[in-house]
Amino acid sequence: MTSWAAIVLAAGKGTRMKSRLPKVLHCIGGKEMVRHVIDALGQASIQRVVVVVGHESALVRDALGDALEYAEQAPQLGTGHAAQQARPILEGRADQVLVINGDVPLITSQTLDKMVRRHLESGAVITLLTTVPSDPAGLGRIVRDGNGEVVGIMEEKEAAPSEKALCEVNSGVYCFGATWLWPNLERLRRSGSGELYLTDLIGLAARSGQKVEGVVVQDADEVMGINNRVHLAAAEGVVQQRTREKLMLEGVTLVDPASAFIDATARIAPDTVILPNTMISGETSIGGDCEIGPNSVIRDSRIGRHCRITASVIEEATLENEVEVGPFSHIRAGSYLATGVHVGNFGETKQSRLGRNTRMGHFSYIGDAEIGDEVNIGAGTITCNYDGVTKHRTVVGDHAFIGSDSMLVAPVRIGERAVTGAGSVVNKDVPADKLAVGVPARIRAKRPRQDTY
Ligand code: UD1
Ligand code: CA
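*Asks:* Explain the overall build of the protein to me, using residue names and the numbers behind them.
*Replies:* Helix and strand counts for the protein come out as 9 helices and 42 strands. Along the longest, intermediate and shortest principal axes, the C-alpha atoms of the protein span 100 × 45 × 45 Å. Evaluated residue by residue, the protein yields a buried proportion of 52% over its 453 residues. The long-range share in the protein, meaning contacts at least 24 apart out of those at least 6 apart in sequence, stands at 40%. When the accessible surface of the protein is split by element, carbon and sulfur atoms take 50% of a total near 20000 Å². Here the protein carries 48 positive and 54 negative side-chain charges, and the mean point of each set is 5 Å from the other.

What follows is the structure, encoded as structure tokens:
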């Protein structure tokens, strides 16, 4: 069995991004560029991955976590110099080494698999992915001899006009035989720009009579390198389209695919309908038979089956089944809406649980609260949870009826089946089955007819 390892080059600053964030941490489809590359390697069964970090390396390590190995490159003297930094970790520990730029996020595991197979079959010391993009500007050009064999890569900075006219380019993805790679990496010499180019290895191999194999990728998008924000937006478009097609083929209806922006990290079950202008991002899961949108934003949330979310924003929240939200509501972090909850228009919830079948139809704020089952929250109800210093909790028992415009001044408890009158300011606990009315609210016996609410 051949053993494989990969080196991901991610030490560069990415000057052309004009960003404080290292280039490889810019997200595409909700996932860092370099994470796309690492995931594709994992799917191609290359488990041992060394990431070469340098510029803002702590940030990159933090984002990628401890499951990977890292090599530091400082200063950053080019892609060849970057690959050299992995030598102490990998030499003698892998037969074949795949080197990949951290800025080719659209690469698929199928293409990597194909390349790896070709590399082993052909016995080449180097196999590289090439492509013919519509615009080769800025990329390394592939030089082939009269027999069509790859004999070198000419970086654009060094290329003569005749070489610039070549339209086949280097994708920044290579397989190397390890015993050839390690000593030859040390033979690289600085280019005119002062950098050590990894791509100079191709000429070195060819000149010493070694076989170099070029594998042409038909879909140039897949090996597109991201150097600036125009490329970033183009890659986002590709990832979005892939996600949309995958979801549609899995049984999700996207009424207007072009206006549904869905992160690759989101999961959506069949027979859910996504209406126009909807964003679903982060670690979100949505069950089947839901209707989401139009004009909704859902981030890092868990949503069950048969839910309807219309023109609303849901963030870091959990909705069980058959929950309705909107139009125009904001379900914020830590909200938990149990099965059958209805939040109508202009409602806001935060760090609160609403029990089964509780209804909150109009203009309410519920924060830091525990609301029971089958509670009616009248229009304009507010949990006054903040006294200027601390947040306090509100607890409302099952079957309580909160009258319109009630102010629940926390900390406060409303008992089961209790009622608050319209416009009451409740600053003391209301026992079960009692009525609270007035400003400040006074406790009374409940009039019998109110039991029918
Ligand atoms: C590189 C290739 C070019 C190819 C193109 C494909 C070289 C010399 N050129 O050019 O032939 O067509 O990719 O997209 O390799 N990096 C480091 N350390 C460094 C410099 C770069 O880790 O010192 C990393 C970067 O973080 C990046 C990757 O290497 O992820 C590629 O670097 P970049 O500067 O984008 O190379 P290109 O100019 O695009
Ligand atoms: Ca690049």
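*Asks:* Got a sec to walk through the environment of P88? Specific residues and values, please.
*Replies:* Along the chain, the position of P88 falls in helix α4 (residues 87-90). P88 gets classed as exposed once you look at its relative accessible area, which sits at 65%. Along the chain, P88 and I314 lie 226 residues apart, while their C-alpha atoms are 48 Å from each other.

*Asks:* Give a description of the site of ligand 1 that names residues and reports values.
*Replies:* Taken together, 24 residues surround ligand 1, and among them Q73, G78, T79, E155 and N170 come closest. Between L9 and ligand 1, the recorded distance is 2.8 Å, taken from a backbone N or O atom to an oxygen atom. The side chain of Q73 places a nitrogen or oxygen atom 2.7 Å from a nitrogen atom of ligand 1. Here ligand 1 loses 90% of its free accessible area of 750 Å² to cover by the protein chains.

*Asks:* I'd love a proper account of the pairing of strand β5 (residues 69-72), names of residues and values included.
*Replies:* Across 4 bridges, the pairing between strand β4 (residues 49-53) and β5 is parallel. Within the sheet, the bridge partner assigned to V53 lies in β5 and is E72. Tracing the backbone out of β4, into helix α2 (residues 57-64) and back to the parallel element β5 gives a crossover that is right-handed.

*Asks:* Please set out the coordination of the calcium ion (ligand 2) residue by residue, giving values where relevant.
*Replies:* Within the first shell, the calcium ion (ligand 2) binds the protein through D103 (OD) and N227 (OD1), at distances of 2.2 to 2.5 Å. In this pair, D103 is assigned in the loop between β6 (96-101) and α5 (109-122) and N227 in the loop between β11 (212-216) and α9 (229-249), connecting sequence segments 124 residues apart. With relative accessibility at 10%, the residue D103 sits in the buried group. Assessed through its relative accessible area of 13%, N227 is described here as buried.

*Asks:* Could you give me a rundown of the side chain of T130, with the residues and numbers involved?
*Replies:* Tracing the backbone through its elements, the reader meets T130 in strand β7 (residues 126-131). Of note is the side chain of T130, whose polar atom sits 2.5 Å from the side chain of E168. Setting aside its immediate chain neighbours within four residues, T130 contacts I142, R144, E168, V169, S171, G214, V215, V216 and V217.

*Asks:* With reference to specific residues and values, describe the pattern of salt bridges.
*Replies:* Taken as a whole and judged by the stated rule, the model has 18 salt bridges. The closest approach of N and O atoms between R332 and E348, which form a salt bridge, is 2.5 Å. In this pair, R332 sits in the loop between β25 (330-331) and β26 (336-337) while E348 sits in strand β28 (residues 348-350), placing the two residues 16 residues apart along the sequence. Residues joined in a network through salt bridges with shared partners are R299, D300, E315 and E316.

*Asks:* Would you mind going over the pairing of strand β1 (residues 4-10) in detail, with residue names and values included?
*Replies:* Side-chain positions along a regular strand alternate between the two faces of the sheet. A large share of β1 lies buried, amounting to 7 of its 7 residues. Residues W4, A6, V8 and A10 point to one face of β1 and A5, I7 and L9 to the other, with burial holding for every one of them. As paired elements, β1 and β6 share 6 bridges and run parallel to each other. What sits directly across from W4, in β6, is Q96. As defined by bridge partners, β1 adjoins β4 across 5 bridges and the pair is classed as parallel. Within β4, the residue paired with L9 across the bridge is V52.

*Asks:* Could you give me a rundown of the sheet that holds strand β33 (residues 376-377), with the residues and numbers involved?
*Replies:* Spatially, β12-β15-β18-β21-β24-β27-β30-β33-β36-β39-β41-β42 is the arrangement adopted by the 12 strands of the open sheet, whose pairing is mixed. The open sheet has two edge strands, β12 (253-254) and β42 (442-445), and neither has a second partner.

*Asks:* Could you give an account of a nonpolar patch on the surface, naming the residues involved and the relevant values?
*Replies:* There is a patch of nonpolar side chains on the surface, built from F261, M279 and V297 and spanning about 240 Å² of accessible area. Tracing the chain through its elements places F261 in strand β13 (residues 260-262).

The rules behind these values
- Residues numbered from 1 in each chain as written.
- Chains lettered and ligands numbered in written order.
- Predicted model: local features only at pLDDT ≥ 70, side-chain atom pairs only at ≥ 80, totals over all residues.
- Heavy atoms only, no water.
- Helix = DSSP H or I, 4+ residues; strand = E, 2+ residues; numbered from the N terminus.
- Buried < 20%, exposed > 50% of the residue type's maximum accessible area, 1.4 Å probe, protein only.
- Contact = heavy atoms within 4.5 Å.
- Areas by Shrake-Rupley, 256 points an atom, 1.4 Å probe, with all protein chains shown as cover.
- Lys, Arg positive; Asp, Glu negative; His and termini not counted.
- Charge placed at Lys NZ, Arg CZ, Asp CG, Glu CD.
- Near = heavy atom within 4 Å.
- Polar contact = N/O pair within 3.5 Å; in protein donor to acceptor, adjacent residues only side chain to side chain.
- Pairing = 2+ DSSP bridges.
- Right-handed = clockwise from strand over helix to strand, strands pointing away.
- Donors = N, O, S within 2.8 Å, 3.2 Å for Na, K, Ca; no water.
- Salt bridge = Lys/Arg side-chain N within 4 Å of Asp/Glu carboxyl O.
- Patch = residues over 30% accessible without salt bridge, like charges linked within 9 Å, V, L, I, M, F, W, Y side chains within 5 Å.

Honestly, it's all geometry; don't read function into it.
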